[in-house]
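# Observations on the three-dimensional arrangement
Each chain is listed here by its residues.
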Amino acid sequence: MTSSGFNPKSKRPLLALIGELPGQISALVKAELDAFKAEFATKAKNFGVGAALFIVAGAILFFALGVFVALAVIALALVLPLWLATLIVAVALVLLAGILVLIGVNRVKAATKPDPEGVHASIRHDADAFKGVGEYDTK
């Protein structure tokens, strides 16, 4: 019988078992870290492939948008002069971009607006209570 294998019939002194404990714990931690690394590597690879596919899809959609803009110009050119059709599509795109910018500015302002009842006020309230200044509820 080998001493490294588990055999319930083998009797080993308690001190020998306690002496092996740090090595066993070290081996267990190393095995868990190796398993974590392998799992993380697999997930990172899948995430990378997924992100790359999103980027390629975005590039394809960007070019498809250009084709749709050209289609709009060509369609309007069937009933209007080409220069006017191009001007109408360009103005429509600029208006759309302007509307999106205004909506984005409003969202950014709403996100960065100070909240009087937010975290900053709560921290100030707690600091005042710690100093013994102001009122403080013990609820």
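Computed from a predicted model, the values in this text were never measured in an experiment.

### Considering helix 1 (residues 14-77)
Taking 1.5 Å as the rise per residue, helix 1 with 64 residues should run 94 Å; its terminal C-alpha atoms sit 93 Å apart, in good agreement. Taken as a whole, helix 1 carries its principal kink of about 35° at Leu21; the proline Pro22 stands between one and four residues after it.

### Let's talk about the confidence of the model for the protein
Residues with a pLDDT of 70 or more make up 86% of the protein, whose mean pLDDT is 85. When mean pLDDT is compared element by element in the protein, helix 2 (residues 82-112) scores highest at 94, while helix 3 (residues 119-131) scores lowest at 73.

### Remarks on the packing of helix 1 against helix 2
Two elements in contact, helix 1 and helix 2, have axes whose closest approach is 8 Å; the angle formed by their N-to-C orientations is 140°. One finds that helix 1 runs oblique with respect to helix 2. For the crossing formed where helix 1 meets helix 2, the hand is right-handed. In this structure, helix 1 uses Val69, Ala72, Val73, Leu76 and Ala77 to contact helix 2, whose residues at the interface are Leu82, Ala85, Thr86, Ile88, Val89 and Leu93. The residue inventory of the contact of helix 1 with helix 2, partitioned by class, reads 10 nonpolar, one polar and no charged.

### Looking at the packing of aromatic side chains
Tallied over the full model, the rule gives two aromatic pairs. Ring centres of Phe36 and Phe40 lie 6.1 Å apart, and the angle between their planes is 20°; this geometry places the pair in the stacked category. Here the residue Phe36 and the residue Phe40 both occupy positions in helix 1, the gap between them amounting to four residues, near one helical turn. Looking at Phe40, the relative accessible area reads 55%, which means it is exposed.

Conventions we followed
Residues numbered from 1 in each chain as written. Predicted model: local features only at pLDDT ≥ 70, side-chain atom pairs only at ≥ 80, totals over all residues. Heavy atoms only, no water. Helix = DSSP H or I, 4+ residues; strand = E, 2+ residues; numbered from the N terminus. Expected span 1.5 Å × (residues − 1). Bend = angle between axes of the 7 residues up to and from the residue. pLDDT = per-residue confidence, 0-100. Axes fitted to C-alpha atoms, helices over the stretch in contact; angles between N-to-C directions. Parallel < 35°, antiparallel > 145°, perpendicular 65-115°, else oblique. Left-handed = near helix turned anticlockwise from the far one by under 90°. Contact = heavy atoms within 4.5 Å. Nonpolar A, V, L, I, M, F, W, Y, C, P; charged D, E, K, R; others polar. Phe/Tyr/Trp six-rings, centres within 6.5 Å; stacked < 30°, edge-to-face > 60°. Buried < 20%, exposed > 50% of the residue type's maximum accessible area, 1.4 Å probe, protein only.

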